[in-house]
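Notes for the structure review
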Amino acid sequence: MNLSTRAVATACAAAAIAGGVFLGEWGLLAVLVALVVAFAAGWAPLLGLPAPGGTFFVVLLPGLGALAAVHVTTTEPWLRYLPLVLAMGLLLSFTNELLRGDGRTRLVESLVGGVSGVVVAVSAAGWIAASKVPDGMALVLLCAVALAAASAVSATPLRGVLNSVATLVGAVAASVVVAYVLPELAPLDGVWAGAVAGILVSSLHMLFYRLPALRRRQAALAVIVLPVAMSGVLTYVVGRVLVA
C-alpha cells in the first residue's frame, strides 16, 4: 500500500471519529472498536514480531478494555481506570512471552513490541473521555478534522521538509476554520489542535517512509490507525486544559 493511499485512509479514519461523535457515545465507541481491531491486526506484521497471533490479543484486549472502562465511567476523572487497564496489558504481554512455545526467539523485541502496541491501543480511549468533557463534541470534532486535514495534505507529492510544512499549515488552517465556525471554541484552539495534528502526522510520515513491511496490506492497517489512536489521550489531556 503506497503512501498516498495510507494517508487518505488515515484521513477517512479521522473523519469516522468526527462522524461517530455525532451519533453519540455508542456511535463513537463502535468506530473506535473497529479501529482498535484493525490496529491490533496490523501491529505484529508491521514490526515483524515472532509471535503475531499472541501479540494480536495482547494489543486487542487492553485496547477494548480501555474503551469499555472509559465508556462505563460516569463521573470525573474519566481516565481513572486507564492505569489499571494498562497494567493488565503489561501483565498480559509478559504472560504471552511465557506461553510461547517457539523457544522464545527475539524475546526482548517481542515484549517491547507488545507493550508499545498496548500503549497505543489504550490511548484510543481518550477520544471517549474527550467527548464527555464540557463542549466535548466540539473538541472531538476539532481534533478529528485537524487530523484528517493533516493526513490528507501529507498525501501530496511534496517530500521532505516541504511536506512537513504543508502538513502543518494545512492542519492549522482547517482547524482554525472549524474553531471559528463552532461557537464553543476560539480560533486559538484551532491553532494548537492543528499544530499538534500536523506535527504528529508529519513525524509518523518520516518514521515509516519506505518501510518495507508496509507493502503488506495488514501491516499498513497499523500505520493507518496509529495517529488516530495516539491522538485520543492527547486530545483529552490538552483539550481538557485549553478548551474545556
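Residues numbered from 1 in each chain as written. Predicted model: local features only at pLDDT ≥ 70, side-chain atom pairs only at ≥ 80, totals over all residues. Heavy atoms only, no water.

1. As for the environment of Gly-53
Mapped onto the elements of the fold, Gly-53 is located in helix α3 (residues 52-72). According to the relative accessible area criterion, Gly-53 is partly exposed, its value standing at 45%. Placed 49 residues apart in sequence, Gly-53 and Asp-102 show a C-alpha to C-alpha distance of 13 Å. (Helix = DSSP H or I, 4+ residues; strand = E, 2+ residues; numbered from the N terminus. Buried < 20%, exposed > 50% of the residue type's maximum accessible area, 1.4 Å probe, protein only.)

2. Re the UniProt feature "transmembrane region" (unreviewed entry) in the chain
Those residues carrying the UniProt feature "transmembrane region" (unreviewed entry) are residues 54-72, 78-99, 111-130, 136-154, 161-182, 188-208 and 220-243 in this numbering. When the span residues 78-99 is considered, its composition is 82% helix and 0% strand, and the gap between its end C-alpha atoms is 34 Å. Taken as a whole, residues 161-182 contains 95% helix and 0% strand, while its terminal C-alpha atoms sit 32 Å from one another. (UniProt positions renumbered as here; feature names shortened; annotations may be inferred.)

3. Here's the deal with the pattern of salt bridges
Pairing of side chains with opposite charge becomes possible as their charged atoms draw close. If you walk through the whole model with that rule in mind, you get three salt bridges. Of the charged contacts in the structure, one is a salt bridge between Glu-97 and Arg-100, with a shortest N-O distance of 2.8 Å. For the pair Glu-97 and Arg-100, one class covers both residues: buried. Here Arg-106 and Glu-109 are joined by a salt bridge, their closest N and O atoms 2.8 Å apart. (Salt bridge = Lys/Arg side-chain N within 4 Å of Asp/Glu carboxyl O.)

4. Some remarks on unusual backbone geometry
That bond from Glu-76 to Pro-77 is cis: its omega, -5°, falls within 30 degrees of zero. Relative to the helices and strands, Pro-77 resides in the loop between α3 and α4 (82-99). Despite not being glycine, Arg-106 shows a phi value in the positive range, around 50°. With respect to the helices and strands, Arg-106 occurs in the loop between α4 and α5 (107-123). At Asp-135, a position not held by glycine, the phi torsion is positive, near 60°. Mapped onto the elements of the fold, Asp-135 is located in the loop between α6 (126-132) and α7 (136-154). Residue Asp-135 is classed as partly exposed on the basis of its relative accessible area, which comes to 39%.

5. A few points about the nonpolar core
Of all hydrophobic cores here, the largest spans 70 residues; its most connected members are Ile-17, Phe-39 and Trp-127. Apart from residues lying up to four places away in sequence, Phe-39 is in contact with Val-59, Gly-117, Val-120, Ala-121, Ala-222, Val-225 and Leu-226. (Core = buried A, V, L, I, M, F, W, Y, C linked by side-chain atoms within 4.5 Å. Contact = heavy atoms within 4.5 Å.)

6. A word on helix α8 (residues 160-181)
For α8, built from 22 residues, the straight-helix expectation of 32 Å at 1.5 Å per residue is met to within 8% by its first-to-last C-alpha distance of 32 Å. Looking at α8, one finds that the buried residues are Asn-163, Ser-164, Thr-167, Gly-170, Ala-171, Ser-175, Val-178 and Ala-179. Seen from one end, α8 has its buried residues packed into an arc of 160°, which puts them on one side. Away from its buried face by more than 90 degrees, α8 exposes Val-161, Leu-162, Val-169, Val-177 and Tyr-180. Looking at the buried positions of α8, the neighbouring elements they touch are α7 and α9 (187-208). (Expected span 1.5 Å × (residues − 1). Arc of directions from axis to C-beta.)

7. What about the side chain of Asn-96?
Within the secondary structure layout, Asn-96 lies in helix α4. Judged by relative accessible area, which is 14%, Asn-96 ranks as buried. In this view, Asn-96 contacts Gly-54, Thr-55 and Val-58; residues no more than four positions away in its chain are not counted.

8. What about the packing of aromatic side chains?
Evaluation of the coordinates by the stated rule reveals two aromatic pairs. Between Phe-39 and Trp-43, the aromatic rings sit 5.0 Å apart at their centres with planes inclined by 35°, giving tilted as the arrangement. With a gap of four residues between them, Phe-39 and Trp-43 both fall in helix α2 (residues 25-47), about one helical turn apart. With a centroid separation of 5.0 Å and an interplanar angle of 75°, the aromatic rings of Phe-56 and Phe-57 are classed as edge-to-face. A relative accessible area of 46% places Phe-57 in the partly exposed class. (Phe/Tyr/Trp six-rings, centres within 6.5 Å; stacked < 30°, edge-to-face > 60°.)

9. Comments concerning a nonpolar patch on the surface
Together, Leu-84, Met-88 and Leu-91 give the surface a local cluster of nonpolar side chains, amounting to about 310 Å² of exposed area. Among the secondary structure elements, Met-88 is positioned in helix α4. (Patch = residues over 30% accessible without salt bridge, like charges linked within 9 Å, V, L, I, M, F, W, Y side chains within 5 Å. Areas by Shrake-Rupley, 256 points an atom, 1.4 Å probe, with all protein chains shown as cover.)

10. Brief notes about the packing of α4 against α5
The interhelical angle for the contact between α4 and α5, taken along N-to-C directions, is 155°, at an axis separation of 9 Å. Relative to α5, the element α4 lies roughly antiparallel. Considering only the axes of α4 and α5, their crossing is right-handed. Residues Leu-82, Val-85, Leu-86, Gly-89, Leu-90, Ser-93, Phe-94 and Glu-97 of α4 lie in contact with α5, whose contacting residues are Leu-107, Ser-110, Leu-111, Gly-114, Val-115, Val-118, Val-119 and Val-122. Looking at side-chain class alone, the contact of α4 with α5 contains eleven nonpolar, four polar and one charged residues. (Axes fitted to C-alpha atoms, helices over the stretch in contact; angles between N-to-C directions. Parallel < 35°, antiparallel > 145°, perpendicular 65-115°, else oblique. Left-handed = near helix turned anticlockwise from the far one by under 90°. Nonpolar A, V, L, I, M, F, W, Y, C, P; charged D, E, K, R; others polar.)

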